[in-house]
Amino acid sequence: MRAQKLSLTALLVAMCFVGANIKLMGSIAFDAAPALVGTLLLGPFYGMALGFFGHMVSALLAGFPLSFPVHIITAIMMAITLLAYSLTRNWAKKKMNGKVAIILSSIVAFLFNCPISLLAVYPLLGEMVIAIAPVLAIASVCNILAAEIIYAALPAGLKQKLAAK
């Protein structure tokens, strides 16, 4: 099973790299969707690693616009976003139905990935976050929707097999 998880992680890393090449602006890209799927399939710690790596690859490919420290903070916030997404999803699945869990965890992912992340880099960027906010919001929604669609399309057997650990 460990080999399967490592193989899936490698595939998701490659997908993060591909998504990092589909840019909306600067380093804002479609690198988060594979990390979100990885979080649901493999758990929060794999997802956190995928999110951190996905953002850093996207920033590297864009030439670290806005500075390296901004992207380190953003990558850390991406990891925190995926942790919050996973914890919310697991909690909501236990307390509520599956559709509510999807909606609630998606909202949490959006909030952490967009406004909270922008607050984290505000001390370094100042008012520039206002210019970034609309594009980041669109990218966040698109990444979350893509991840939810992909995850829903995956075979139930695969999800159960990976969840069994």
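Residues numbered from 1 in each chain as written. Predicted model: local features only at pLDDT ≥ 70, side-chain atom pairs only at ≥ 80, totals over all residues. Heavy atoms only, no water.

## Points about the overall build of the protein
Point 1. Within the protein one finds 7 helices and 2 strands.
Point 2. Its helices and strands taken in sequence order, the protein reads α-β-β-α-α-α-α-α-α from the N to the C terminus.
Point 3. Its C-alpha atoms give the protein a radius of gyration of 15 Å, within 12% of the compact-globule value 15 Å for 165 residues.
Point 4. In terms of principal-axis extent, the alpha carbons of the protein reach across some 45 × 35 × 20 Å.
Point 5. Counting over 165 residues, the protein shows a buried share of 43%.
Point 6. Summarising the internal contacts of the protein: among those between residues at least 6 apart in sequence, 67% fall at separations of at least 24. (Helix = DSSP H or I, 4+ residues; strand = E, 2+ residues; numbered from the N terminus. Rg over C-alpha atoms; globule rule 2.2 N^0.38 Å. Buried < 20%, exposed > 50% of the residue type's maximum accessible area, 1.4 Å probe, protein only. Contact = heavy atoms within 4.5 Å.)

## As for the UniProt feature "transmembrane region" (unreviewed entry) in the protein
Point 1. UniProt records the feature "transmembrane region" (unreviewed entry) at residues 6–24, 36–62, 68–88, 100–122 and 128–154, using the numbering of this structure.
Point 2. The span residues 6–24 shows a helical share of 79% and a strand share of 11%, and its end C-alpha atoms are spaced 30 Å apart.
Point 3. When the span residues 128–154 is considered, its composition is 96% helix and 0% strand, and the gap between its end C-alpha atoms is 39 Å. (UniProt positions renumbered as here; feature names shortened; annotations may be inferred.)

## Focus on the pattern of salt bridges
Point 1. With the rule as written, the count across this model stands at 1 salt bridge.
Point 2. Residue Glu148 is joined to Arg89 by a salt bridge in which the shortest nitrogen-to-oxygen separation is 2.8 Å. Of this pair, Glu148 sits in helix H6 (residues 128–153) while Arg89 sits in helix H4 (residues 68–95), and the two are 59 residues apart along the sequence. In this structure, Glu148 and Arg89 share a single accessibility class: buried. (Salt bridge = Lys/Arg side-chain N within 4 Å of Asp/Glu carboxyl O.)

## As for the environment of Asn90
Point 1. Residue placement: Asn90 occurs in helix H4.
Point 2. For Asn90 and Pro65, which are 25 residues apart along the polypeptide, the C-alpha to C-alpha distance reads 35 Å.

## A closer look at the packing of aromatic side chains
Point 1. All told, the structure shown has 1 aromatic pair when counted by the stated rule.
Point 2. Between Phe64 and Phe68, the aromatic rings sit 5.1 Å apart at their centres with planes inclined by 70°, giving edge-to-face as the arrangement.
Point 3. Judged by relative accessible area, which is 22%, Phe64 ranks as partly exposed.
Point 4. Taking the relative accessible area as the measure of exposure, Phe68 reaches 44% and is therefore partly exposed.
Point 5. Looking at Lys159, its charged tip hangs above the ring of Tyr151, at a distance of 4.3 Å from the centre. (Phe/Tyr/Trp six-rings, centres within 6.5 Å; stacked < 30°, edge-to-face > 60°. Lys NZ or Arg CZ within 6 Å of the ring centre and 35° of its normal.)

## Overview of H6
Point 1. End to end, H6 covers 38 Å across 26 residues, agreeing with the expected 38 Å (1.5 Å per residue, within 8%).
Point 2. Every buried residue of H6 is accounted for by Val129, Ile132, Leu136, Ala139, Ser140, Asn143, Ile144, Ala147, Glu148 and Tyr151.
Point 3. The secondary structure elements touched by the buried residues of H6 are strand S1 (23–25), strand S2 (28–29), helix H2 (32–42), H4, helix H5 (98–125) and helix H7 (156–163). (Expected span 1.5 Å × (residues − 1).)

## Re a nonpolar patch on the surface
Point 1. A surface patch of nonpolar side chains, about 350 Å² in accessible area, is lined by Phe17, Val18, Ile22 and Leu61.
Point 2. Along the chain, Phe17 turns up in helix H1 (residues 2–20).
Point 3. The class for Phe17 is partly exposed, based on a relative accessible area of 41%. (Patch = residues over 30% accessible without salt bridge, like charges linked within 9 Å, V, L, I, M, F, W, Y side chains within 5 Å. Areas by Shrake-Rupley, 256 points an atom, 1.4 Å probe, with all protein chains shown as cover.)

## Some thoughts on the side chain of Asp31
Point 1. As for its position among the elements, Asp31 is in the loop between S2 and H2.
Point 2. Look at Asp31: it is buried, it has no salt bridge, and the nearest opposite charge is Lys23 at 6.7 Å.
Point 3. If we ignore the near neighbours within four places in the chain, the residues touching Asp31 are Cys16, Gly19, Ala20, Gly54, His55, Ser58 and Asn143. (Lys, Arg positive; Asp, Glu negative; His and termini not counted.)

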